[in-house]
Amino acid sequence: MAKFIMITYYLLTAFIATLFFWNFWQEKKKIDRQILYLLVLIPLLLRLLRIK
């Protein structure tokens, strides 16, 4: 059961990180919005790579 929860957690994190990356990629005019997307995206990527 714990393995299922862990896999679901990582899949959900990967999905959210993909959405933020897509929004980051589409936002080309406003640099401040890109920086905000990166600030949210970095912890998600570190969580997926299992880096604290």
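What this report covers is the structure whose coordinates are included nearby. What you see is a predicted model, and the numbers here were worked out from it, not measured in a lab.

Description of the packing of aromatic side chains
Each aromatic ring pair is characterised by the separation of its centres together with the angle its planes make. This model, assessed by the stated rule, comprises four aromatic pairs. In textbook terms, an aromatic cluster arises when at least three aromatic residues are bridged by ring pairs, as seen for Phe21, Phe24 and Trp25. Over the face of the ring belonging to tryptophan 25 we find lysine 28, whose NZ or CZ atom lies 4.8 Å from the ring centre.

Section: the packing of helix H1 (residues 2–26) against helix H2 (residues 31–48)
Contact geometry of H1 with H2 gives a least axis separation of 9 Å together with a crossing angle of 155 degrees. Here H2 runs roughly antiparallel to H1, going by the angle between their axes. The way H1 lies across H2 gives a crossing that is left-handed. Touching Tyr9, Tyr10, Thr13, Ala14, Ile16, Ala17, Phe20, Phe21, Asn23 and Phe24 of H1 are Gln34, Tyr37, Leu38, Val40, Leu41, Leu44, Arg47 and Leu48, all from H2. For the contact of H1 with H2, the class distribution of residues is 14 nonpolar, three polar and one charged.

Here is what the cut-offs are and how they apply
- Residues numbered from 1 in each chain as written.
- Predicted model: local features only at pLDDT ≥ 70, side-chain atom pairs only at ≥ 80, totals over all residues.
- Heavy atoms only, no water.
- Phe/Tyr/Trp six-rings, centres within 6.5 Å; stacked < 30°, edge-to-face > 60°.
- Lys NZ or Arg CZ within 6 Å of the ring centre and 35° of its normal.
- Axes fitted to C-alpha atoms, helices over the stretch in contact; angles between N-to-C directions.
- Helix = DSSP H or I, 4+ residues; strand = E, 2+ residues; numbered from the N terminus.
- Parallel < 35°, antiparallel > 145°, perpendicular 65-115°, else oblique.
- Left-handed = near helix turned anticlockwise from the far one by under 90°.
- Contact = heavy atoms within 4.5 Å.
- Nonpolar A, V, L, I, M, F, W, Y, C, P; charged D, E, K, R; others polar.

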